[in-house]
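Here are the chains, one letter per residue:
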Amino acid sequence: MLLSIPITLIAAALGGYAISRQALSPVDAMTSEAAAIGIGNLSRRLVVPRTGDELERLASTWNHMLDRLESAVKQLTQFTADASHELRTPVALIRTTAELALRRPRTAEDYREALRQIVEESERTSRLVDDLLTLARADAGRALLSTEPLDLTLLVRDVCEQGMILGAARRVEVHTETPLTPVTVQGNPPALRRLLFILLDNAIKYTSEGGKVTVSLRGENPAVLSVADTGIGIPPDALPHVFERFFRADPSRNRDLGGAGLGLAIARWIAERHNATIAAESTPGLGSTFRVTFP
Ligand code: ADP
């Protein structure tokens, strides 16, 4: 008894240690594989042991998390690359205009023209920087939108007044159809103004002279705000992408109109923050309708 008990205990302890080491060795391997994955090799994945137990679930959960991280990092890298690309053009234009004006003495009229072009490009650049900042804050989750009960009828009438001035300059008629009673939603007034202004500005921008833009608000549950135009429309293959950042259906035409393809991305973000949905319908050559449905 004196001999066999200690021997049995030692044998049991050694056996237990060997078994647990063997059972945990895949966890050890996974830990070192995971430790070797960083921002530079985010496409690497853990080997999933086909054991049908917790270890297999652990490895595949890690791999799914890596998938999500990889796509988020890809999006951010793409955003930075696109933003730098967009900023390069106006900055180069400002510099070239100034350099050309300074190359030799010119008349006061020539200097005025060069400065006018510089001011125009600078305005475009600061709009772009503002939009980029809004989206960067939205990505960082720092753009908190405080909400309050607000009357959409008043907001729509107010923004449409600005739209009418904008439309008149381009000979596009802007119509407003609002209910007689208030339509109350929980929202952030400046953000909703911006959302409507983006839709209205686009509708006017992409509608030729003599066209018509109709902004209508329907008050029944749910409240629906729509902006319809009789403009150039959006080709069916481009329609699913219009809310993506930096997307333009026709980049060459767009540069003249001053858009960087960020407006609708911001509009979608604002709608999402209000738990609203935004959707677009369009027939090329006949016009487009953008609809925001509030909860
Ligand atoms: P932009 O500032 O370039 O107008 P947006 O994000 O607001 O960018 O719009 C993305 C693209 O969707 C535009 O470049 C344009 O091709 C298309 N688009 C948006 N609104 C309209 C519209 N009302 N009619 C026709 N095309 C539109």
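Shown above is the structure to which this text applies.
Reading the values: the criteria
Residues numbered from 1 in each chain as written. Predicted model: local features only at pLDDT ≥ 70, side-chain atom pairs only at ≥ 80, totals over all residues. Heavy atoms only, no water. Phe/Tyr/Trp six-rings, centres within 6.5 Å; stacked < 30°, edge-to-face > 60°. Helix = DSSP H or I, 4+ residues; strand = E, 2+ residues; numbered from the N terminus. Buried < 20%, exposed > 50% of the residue type's maximum accessible area, 1.4 Å probe, protein only. Expected span 1.5 Å × (residues − 1). Polar contact = N/O pair within 3.5 Å; in protein donor to acceptor, adjacent residues only side chain to side chain. Contact = heavy atoms within 4.5 Å. Pairing = 2+ DSSP bridges. Core = buried A, V, L, I, M, F, W, Y, C linked by side-chain atoms within 4.5 Å. Domains from an automatic or database assignment. Axes fitted to C-alpha atoms, helices over the stretch in contact; angles between N-to-C directions.

S.K.: Please clarify how the packing of aromatic side chains should be interpreted in this entry.
M.R.: Here the distance between the centres and the angle between the planes together describe a pair of aromatic rings. Applying the stated criterion to the full structure yields two aromatic pairs. Look at Phe79 and Phe246: their rings are 5.9 Å apart centre to centre, the planes differ by 40°, and that puts the pair in the tilted class. Residue Phe79 is located in helix H2 (residues 54-103), and its partner Phe246 is located in the loop between strand E5 (224-229) and helix H6 (251-257); the two are separated by 167 residues in the primary sequence. Given the relative accessible area of 12%, Phe246 is considered buried. Considering the side-chain rings of Phe243 and Phe290, the 6.1 Å spacing of their centres and the 80° angle between planes classify their relative orientation as edge-to-face. One end of the pair, Phe243, is in the loop between E5 and H6; the other, Phe290, is in strand E7 (residues 287-293), and 47 residues separate them in sequence. Both residues of the pair, Phe243 and Phe290, count as buried.

S.K.: Explain helix H5 (residues 189-205) to me, please; I cannot follow it from the model alone.
M.R.: At 3.6 residues per turn, the α-helix brings residues three or four places apart onto the same side. If you check H5, its first and last C-alpha atoms are 24 Å apart, about what 17 residues at 1.5 Å a residue would give, namely 24 Å. Turning to H5, its buried residues number three or more, namely Ala191, Leu192, Leu195, Leu196, Ile198, Leu199, Leu200, Asn202, Ala203, Ile204 and Lys205. Between the side-chain oxygen at the start of H5 and the backbone nitrogen of Ala191 there is a gap of 3.1 Å, and the oxygen is on Asn188.

S.K.: Where do I start with H2 in this structure?
M.R.: Over its 50 residues, H2 extends 73 Å from the first C-alpha to the last, a length consistent with the 74 Å expected when each residue adds 1.5 Å. Looking at H2, one finds that the buried residues are Leu55, Glu56, Ala59, Asn63, Leu66, Glu70, Phe79, Ala83, Glu86, Pro90, Thr97 and Ala101. For H2, the elements touching its buried residues are helix H1 (4-35) and helix H3 (108-140). Its side-chain oxygen at 3.1 Å from the backbone nitrogen of Leu55, Asp53 defines the N-terminal cap of H2.

S.K.: Where do I start with the pairing of E5 in this structure?
M.R.: Regular strands place their side chains on alternate faces of the sheet. Summarising burial for E5: five of the six residues are buried, a large majority. Linking strand E4 (residues 212-218) back to E5 in an antiparallel pair, the connection comprises five residues.

S.K.: Please explain the nonpolar core as it appears in this structure.
M.R.: Counting residues in hydrophobic clusters, the biggest one holds 51 residues, and the most contacted among them are Leu152, Leu192, Leu200 and Phe294. For this core, the secondary structure elements donating two or more residues are H2, H3, helix H4 (152-169), H5, E4, E5, helix H7 (263-273) and E7. Ranked by residue count, the leading element in this core is H5, at nine residues. Looking at which domains feed residues into this core, each of domain 1 (23-144) and domain 2 (148-293) supplies at least three.

S.K.: What is the right way to look at the sheet that holds E5 in this model?
M.R.: Note: strands within a sheet are paired through backbone hydrogen bonds, in either parallel or antiparallel orientation. Pairing within the open sheet is mixed, and its five strands lie in the order E2-E4-E5-E7-E6. Of all strands in the sheet, those with a lone pairing partner are strand E2 (173-177) and strand E6 (277-283), marking the two edges. Between one strand axis and the next, the sheet turns through 10° on average, direction left out of account. Alignment of E2 against E4, held across five bridges, turns out to be parallel. Among the inter-strand pairings, Glu173 is bridged to a residue of E4, identified as Lys212. Along the sheet, H4 contacts E2, E4 and E5; its crossing angle with E2, the most-contacted strand, is approximately 170°.

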